[in-house]
Amino acid sequence: MTSSETTPSTDHRRALVVGASGITGAALVDLLTRDGWDVAALSRSASTRDGIRGVAADLRDPESLRTALADERPTHVFFTAWQRQATEAENIRVNGGMVRDLLAALDHAPLEHVALVTGLKHYLGPFEAYAAGAMPDTPFHEEEPRLDTPNFYYAQEDALFAAAAHQGFTWSVHRSHTVIGHAVGNAMNMGLTIAVQATLAKELDLDFVFPGSEAQWNGLTDMTDAGVLAEQMVWAATDPAGADEAFNIVNGDVFRWRWMWQRLAAHLGVDPARVVGYESAPRPLEEQMAPHESAWAGIAERHGLVESDIARLASWWHTDADLGRAMEVVTDMSKSREAGFTGYRRTERAFTDLFDRYRADRVIP
């Protein structure tokens, strides 16, 4: 065997996707494999499928990371994972530490670029101080200074910047807004949450009630399809124009929920007479759906669905947080557009394609 057969080609791109079982990670794995990358998918379960090498590791355990990654030599890392903690201090310690320890465990690898997903809490503030202080005007621009409050996104960025300076790779940060995509068991999945709400409404003859605020019902907003987020991350990782930059990433269109809610109801087969918009106050899904969650197991059995545990499908709290905001949230995309990224999704189509995929997979009827 020659040395060329034992040493990977220097022009062959090897990706490590961190959080590969999540919404964004799954979209990245699909895109990278289609494009011919060598892909390793890091998660606690180390799921492996055709063309994908699973890597099992605990992101909160530096020794676990060292052991799992000792033989991995990625050229590119796509970091999409986070773990919610009880306080922001713990969010900072845990999530900043995961980025730091993961990259330290790859100090032997020929890293060229690391792409990190964050979100609009960069501009809105963390869970404990969400939209509580002075915020920049919408649409949000990447050039805005950080808010004067501790934020785990800032801790993740700082860990990334420090590792890049020490290990010599380029970086990119991708600030998304309410990501929807194909995953089950994810803690932040508005697309599947709305589909489950609509299924309960149809099966139990309930109203399909918008859970959020008047500002969200009437104001402009935008969203991020996981596929377009994955496209931007790969673009930034491979195009010099994306190096050492932070980018907002949304689909490119804007909409009002008072229009979108009716459209989604129609796509999900809800009786128009049972579609209810904002009336006098928010009606959170955590309160609306609590009395009806126990019905899901029977619905799943009747329709032959693959998941009978509603807790693995619906993230009421996260959708309530997104739709309950009392201010406009719109994101500027000029920076990456000028740099050459032209990815686009129509948000309604992103939702309906997702619903169709969940139906085909027997996740919803």
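Residues numbered from 1 in each chain as written. Predicted model: local features only at pLDDT ≥ 70, side-chain atom pairs only at ≥ 80, totals over all residues. Heavy atoms only, no water.

Colleague: Summarise the side chain of Gln 85; cite the residues concerned and give the values.
Modeller: By the secondary structure assignment, Gln 85 is in the loop between strand E4 (76-79) and helix H4 (88-104). Setting aside residues up to four positions removed in sequence, Gln 85 forms contacts with Arg 60, Glu 90, Asn 91 and Val 94. (Helix = DSSP H or I, 4+ residues; strand = E, 2+ residues; numbered from the N terminus. Contact = heavy atoms within 4.5 Å.)

Colleague: Break down the sheet that holds strand E11 (residues 245-249) for me, citing the residues and quoting the values.
Modeller: What the 7 strands build is an open sheet, ordered E3-E2-E1-E4-E5-E6-E11; its pairing is parallel. With one partner strand each, in any of the chains shown, strand E3 (52-56) and E11 form the two edges of the open sheet. Between one strand axis and the next, the sheet turns by 20 degrees as a mean value, whatever way the strands run. As paired elements, strand E1 (residues 14-18) and E4 share 4 bridges and run parallel to each other. Bridged to Val 18 within E4 is Phe 79. Taken strand by strand, H4 contacts E1, strand E2 (38-43), E4 and strand E5 (113-119), and its axis lies near 160 degrees from that of E4. (Pairing = 2+ DSSP bridges. Axes fitted to C-alpha atoms, helices over the stretch in contact; angles between N-to-C directions.)

Colleague: Explain the pairing of strand E6 (residues 170-176) to me, and be specific about the residues and the numbers.
Modeller: Of all 7 residues in E6, 6 are buried, a share of seventy percent or more. With 5 bridges joining them, E6 and E11 adopt parallel strand pairing. Within the sheet, the bridge partner assigned to His 174 lies in E11 and is Phe 247. (Buried < 20%, exposed > 50% of the residue type's maximum accessible area, 1.4 Å probe, protein only.)

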